[in-house]
Amino acid sequence: VQLVESGGGLVQAGGSLRLSCAASLSISTINAMGWYRQAPGNERELVTIISNLNSTYYADSVKGRFTVSRDNAKNTMYLQMSSLKPEDTAMYYCVAAPPGLGLANLRDNWGQGTQVTVSS
């Protein structure tokens, strides 16, 4: 599975951005997709997961501010980010399990990342 992120950029604190992750194949067969992020000097951290049944998980740090969704018709996953904070500044990566596999394989496929910078 090839994944291509887009939508990153520079935004002021309190602003919003929507990230997209386009997959190279039908995501209707992908059971688990998600987003990770990595800030300079930090380890990659899990932000959110969405299943093929649209069950979701969010890290506490983004709960209530970020919303993950997927559009199977467009083979695309989205991350709507609102009330952004400077600490949300990071490279954001899309991840996906191979078709037919589950959560244990979530990190098998990665996109190249898209940078999000939030100014104070």
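One structure accompanies this document, and this report is about it.

Rules used in this analysis
Residues numbered from 1 in each chain as written. Predicted model: local features only at pLDDT ≥ 70, side-chain atom pairs only at ≥ 80, totals over all residues. Heavy atoms only, no water. Helix = DSSP H or I, 4+ residues; strand = E, 2+ residues; numbered from the N terminus. Buried < 20%, exposed > 50% of the residue type's maximum accessible area, 1.4 Å probe, protein only. Pairing = 2+ DSSP bridges.

For Ala97, the location among the structural elements is in the loop between β9 (90-96) and β10 (109-110). For Ala97, a relative accessible area of 0% gives the class buried.

Next up on the list: the pairing of strand β7 (residues 66-71). Here β7 shows a buried face lined by Phe66, Val68 and Arg70 and an unburied face lined by Thr67, Ser69 and Asp71. Examined bridge by bridge, β7 and strand β8 (residues 76-81) share six bridges and lie antiparallel to one another. Across the sheet, residue Arg70 finds its bridge partner in β8, namely Met77. Between β7 and β8, which follow one another and run antiparallel, lie four residues, and Asn75 among them has a positive phi close to 55°.

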